[in-house]
Amino acid sequence: MTATEERAPEIGRARPRKEDARLITGRSRYTDNIVLPGMLHMSMVRSPVARARITGIDASAARSAPGVVKVLTGADLAAEQGSMPNAWPITEEQKAPPHPAMAEEMVNFAGEIVAAVIARSPAAARDAAELVDVDYETLTPVVDLATAARDEELIYPDLGTNHSATWVFDSAEAGTGGNIKEAIAGSEIVVERTFRQQRLIPAFMEPRSTVVDPTGEQITMWSATQIPHILRVMLALTLGIPESKLRVIAPDVGGGFGGKLQVTPEEVITLLAAQRTGKPVKYTETRSESMIGAHHGRDQIQTMRISANRDGTVTGLDVHLVANMGAYLGLITSGIPILGAFMFNGIYKFPAYRFECTNVFTNQVWTDAYRGAGRPEATFAIERMMDELATELGMDPIEIREKNWIKHEEFPFQTISTMEYDSGNYEAATEKALELFGYDELRAEQARRRESGDPVQLGIGVSTFTEMCGLAPSRILGALRYAAGGWEHAQVRVLPTGKVEVVTGVSPHGQGHVTSWSQIVADRLGVAFEDVEVLHGDTQISQRGLDTYGSRSLAVGGMAVVAAADKVIEKAKVVAAHMLEAATDDIEFTAGTFSVRGTDQSVAFGDVALAVFAAHDLPDGFEPNLDSDATFDPENFSFPHGTHLAAMEVDTETGQVSIRKYVCVDDIGNVVNPLIVEGQVHGGLAQGIAQALYEEAVYDDAGTLLTGSFTEYLVPSAPDLPEFITDRTVTPSTTNALGVKGVGEAGTIASTPAIVNGVLDALRHLGVTEVEMPCSPSRVWHAIQAAGSGTESGPPRTSAGGDTSGGRKEER
């Protein structure tokens, strides 16, 4: 026996994704592709009004329509449907109205489901759904967030308020910093701004789809979901079905972005319809239904005060949020704003910090997780504020950041919001980004354009960010009153041929887990990349897991894979020692080969696997398999960071905005697959830029969604985006053995403030101080005109310090 030749490591290698060959050649299997014998189809009847009492439903015409099997109303399901789950009651006093999957007596947003038609074909179900006649007694909807917060019209009179909960963090009370009022009172300058985080629609590529088969010994549900494991638990709790009798499968899933991190009414109704009919039932939403019925993201009013000395040293940050919950609380709706509470301090050292968030109900579809979930909102606000402070003090935006950020030698660093940042080097990432960007040259060009009165002005946007990834340590989630933990599970199964199966609890929807997990296990066990199979997304195969969201898959799920693989090695060492007639303690494992320390005696991993399978000559008492599983619960989050720079050109005559150059340097720790990282960065940038320039869910005063199709809801395509210049620095995370930090949300979090800061930087000399997102040509043009005429409304507020009220004492 000889030692295996040295092999190149897989981790760090730019491997094309294993799953792509199937996905891009039409051999994928999405939920809507599933066809079962005798399968029925369902179509939903949705409310056209935002707030009304249901006074009658006449479904007689629909029930007698050709092909119709059953029509269900809220009254039909009242005894079974329960209330949709909210897993994150952020305070003991949180108020939450009942949330039926199908409305029974009241509708509270336009698009809420009031009936379902089950028929033998999709066309028959759709045609019959139009025959369901619903009588509504319309009531005054409350659509505007600020109006809802004033409680002038109560959406749920029984609650006595439109406020769901108020959550507060105060550094003085927490013992992590000073008193914000004292900080502001003792400061030399206070800058106050109010930002609006517009409502966004996740707009995943594959609309939501569910198939439920009740005909076997257990109920099987296929769903285009990010969270098959959580979905199974929540359906069991909501509907009283034993978990052992419910199998959830997430087949190929075409994107999620948080929009599929939900237990949906559509899934509950499909399951109940399948039980009622005793046949498989499929429901696939139309794109229009997705826009009005799937949860939305963001939607906050952010009022910020930052205090500082004249040299630019920040002394305090005061944050006041009003967050739009929509009509109901979804799975984690109420917790999304407070996820940002821990990141408003960004990369900076603040002596005093206070955060207060009030969650408010409106007559709109509910909000919940959307790519980044709380952290993009926080990063936008603090990065905008640092630019505003720099402007007030006449400083360069890079200079003021350098003055206040955490230095690389100060890690690990305990932040004022209680987080411990494990590692980072903001200086290195910024230095590389400035060099790639050509910062000084672009500043010189900006000056020339201003001096010449060029109609197309140049602005430079800066965003230096960090985020909280690897959700999450279970003990911290418990402290925040989240109902579940943050661990992840994996199993590594060794086959007789030496090939390996990896079962993972995370469930991908485009992230490339199959490839990344194969690279990790190939290196860990010394097997070929091609010899690793990865199984996921089926609660009967992967029995334990907490799924994919919050950039947790690699930092948590990948670490569970590592731990399981290490257990395989330890078990195999016992057998190798027996085969080599050596002591187990003398066995070394390198690159797929077990060898006796100090000798040339060795045995390959595959030979050990075959010996265990045969079980003819194993150590006494050795169980004949090498399979191992592990559950990993991190001690801390991971904290990727980076510097993003945007050169923005703004046509002052038309308001047209274009991206001249975009550079980002991210530090996401060690990289398993650079190709996958690059793809995720590009996708994230597109999504963050879309918030800055294109996307907005708009309701009218009656609560009707005016942007209910891609004609009105603008999603950028490739020609709308520039060629991105990306690079990385590497500061390995110390919270996991892989040294990884997470990348899925970085581009989205960092790019939005970079773009908006750039737009404003191009226009400040014209007197423009704010442009609401998205910075459409119309909004930019009107801002320029208003500034030119001196009629700009909603002026920013800056004082010489000492004002601790912010003009909002009455709101506290």
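Check the entry above for the structure.
**Student:** So what's going on with the overall build of the chain? Which residues, and what values?
**Tutor:** Across its full length, the chain holds 22 helices and 29 strands. Taking 812 residues into account, the globule formula puts the C-alpha radius of gyration at 28 Å, and the chain, at 28 Å, falls close to it. Dimensions of the chain along its principal axes, counting C-alpha atoms only, are 90 × 75 × 50 Å. When burial is assessed residue by residue, the chain has 61% of its 812 residues classed as buried. Contacts in the chain between residues at least 24 apart in sequence constitute 80% of all its contacts with a sequence separation of at least 6. For the chain, the exposed area adds up to about 29,300 Å²; of that, 50% sits on carbon and sulfur atoms. The average position of the 67 basic charges and that of the 109 acidic charges among the side chains of the chain differ by 2 Å.

**Student:** Could you give an account of the packing of aromatic side chains, naming the residues involved and the relevant values?
**Tutor:** With the rule as written, the count across this model stands at 20 aromatic pairs. Taking the centre distance of 5.8 Å and the plane angle of 85 degrees together, the rings of Y156 and F361 count as edge-to-face. Pair noted here: Y156 is in the loop between α5 (145-149) and β7 (163-170) and F361 is in strand β15 (residues 353-361), with a separation of 205 residues, a long-range link. In terms of burial, Y156 and F361 fall into one category: buried. Ring centres 5.8 Å apart and planes at 40 degrees place the aromatic pair F169 and Y353 in the tilted group. With F169 in strand β7 and Y353 in strand β15, this residue pair connects regions lying 184 residues apart in the sequence.

**Student:** Would you mind going over the sheet that holds strand β22 (residues 587-590) in detail, with residue names and values included?
**Tutor:** Across the sheet, which stays open at both edges, the three strands sit in the order β22-β23-β24 with antiparallel pairing between neighbours. Each edge of the sheet is formed by a strand with only one pairing partner; in this case those strands are β22 and β24 (602-604). The average undirected angle you get between the axes of adjacent strands in this sheet is 20 degrees. When strand β23 (residues 593-596) meets β24, the two strands line up antiparallel, connected through three bridges. For S595, the partnering residue across the bridge sits in β24 and is S602.

**Student:** I'd like a rundown of the sheet that holds strand β21 (residues 532-535), residues and numbers included.
**Tutor:** If you walk across this open sheet you meet the four strands as β21-β20-β19-β25, and the pairing is mixed. Looking at the sheet topology across the chains shown, the edges are occupied by β21 and β25 (628-632). When strand polarity is set aside, the average angle formed by the axes of neighbouring strands in this sheet is 20 degrees. The sheet contact formed by strand β19 (residues 488-494) and strand β20 (residues 500-504) spans five bridges and is antiparallel. Directly across from V492, in β20, lies its bridge partner V502. Its contacts with the sheet place helix α18 (residues 553-580) against β19, β20 and β25, and it is angled at close to 145 degrees to β25.

**Student:** Go over the state of the cysteines with me, naming the residues and quoting the values.
**Tutor:** Inspection of every chain in the model, using the stated rule, returns zero disulfides. Free cysteine C664: the closest other cysteine sulfur is in C469, separated by 15 Å. Its relative accessible area of 0% is what places C664 among the buried residues.

**Student:** Which residues make up the pairing of β23, and what values do they have?
**Tutor:** Residues T593 and S595 point to one face of β23 and F594 and V596 to the other, with burial holding for every one of them. Alignment of β22 against β23, held across four bridges, turns out to be antiparallel. When the sheet's bridge partners are listed, T590 is paired in β23 with T593. What sits between the antiparallel neighbours β22 and β23 is a turn of two residues, in which A591 has the positive phi angle 50 degrees. Where β23 folds back on β24, the antiparallel hairpin that results is connected by five residues, among which G598 adopts a positive phi of roughly 85 degrees.

**Student:** So what's going on with helix α22 (residues 777-789)? Which residues, and what values?
**Tutor:** For α22, spanning 13 residues, the distance from its first C-alpha to its last is 18 Å, which sits close to the expected 18 Å at 1.5 Å a residue. Every buried residue of α22 is listed here: V780, A783, I784, A786 and A787. Looking straight down α22, one finds that the buried residues subtend no more than 165 degrees of arc, so they occupy a single side. G790 sits one or two residues past α22 and shows a positive phi near 75 degrees.

**Student:** Go over the nonpolar core with me, naming the residues and quoting the values.
**Tutor:** If you look at the biggest cluster of nonpolar residues, it comprises 155 residues, and the most contacted ones within it are I306, F344 and F355. If we skip the residues at most four places from it in the chain, F344 touches Q302, M304, L317, V319, L321, F350, Y353, F355, E377, A378, A381 and I382. Core analysis: the next-biggest nonpolar cluster, separate from the first, contains 46 residues, V492, F589, L618 and L738 among them.

**Student:** If you had to explain the packing of helix α17 (residues 513-525) against α18 to someone new, which residues and values would you point to?
**Tutor:** Between α17 and α18, whose axes approach to 10 Å, the crossing angle comes to 35 degrees. In this structure, α17 crosses over α18, and the sense of that crossing is right-handed. Residues H513, W517, I520, V521, R524 and L525 of α17 form the contact with α18, whose participating residues are S553, L554, G557, G558, V561, V562, A565, D566, V568 and I569. Its residues assigned to classes, the contact of α17 with α18 shows 10 nonpolar, four polar and two charged.

**Student:** Can you tell me about the environment of T362, naming the residues and giving the values?
**Tutor:** Among the secondary structure elements, T362 is positioned in the loop between β15 and α12 (375-393). Counting along the chain gives 316 residues from T362 to E678, while the straight-line C-alpha distance between them is 39 Å. Setting aside its immediate chain neighbours within four residues, T362 contacts N108, V142, V143, D144, L145, A148, I155, R199, N324, G326 and A327. There is a polar contact of 2.8 Å between the side chain of T362 and the side chain of Q364.

Reading the values: the criteria
Residues numbered from 1 in each chain as written. Predicted model: local features only at pLDDT ≥ 70, side-chain atom pairs only at ≥ 80, totals over all residues. Heavy atoms only, no water. Helix = DSSP H or I, 4+ residues; strand = E, 2+ residues; numbered from the N terminus. Rg over C-alpha atoms; globule rule 2.2 N^0.38 Å. Buried < 20%, exposed > 50% of the residue type's maximum accessible area, 1.4 Å probe, protein only. Contact = heavy atoms within 4.5 Å. Areas by Shrake-Rupley, 256 points an atom, 1.4 Å probe, with all protein chains shown as cover. Lys, Arg positive; Asp, Glu negative; His and termini not counted. Charge placed at Lys NZ, Arg CZ, Asp CG, Glu CD. Phe/Tyr/Trp six-rings, centres within 6.5 Å; stacked < 30°, edge-to-face > 60°. Pairing = 2+ DSSP bridges. Axes fitted to C-alpha atoms, helices over the stretch in contact; angles between N-to-C directions. Disulfide = S-S within 2.5 Å. Expected span 1.5 Å × (residues − 1). Arc of directions from axis to C-beta. Core = buried A, V, L, I, M, F, W, Y, C linked by side-chain atoms within 4.5 Å. Left-handed = near helix turned anticlockwise from the far one by under 90°. Nonpolar A, V, L, I, M, F, W, Y, C, P; charged D, E, K, R; others polar. Polar contact = N/O pair within 3.5 Å; in protein donor to acceptor, adjacent residues only side chain to side chain.

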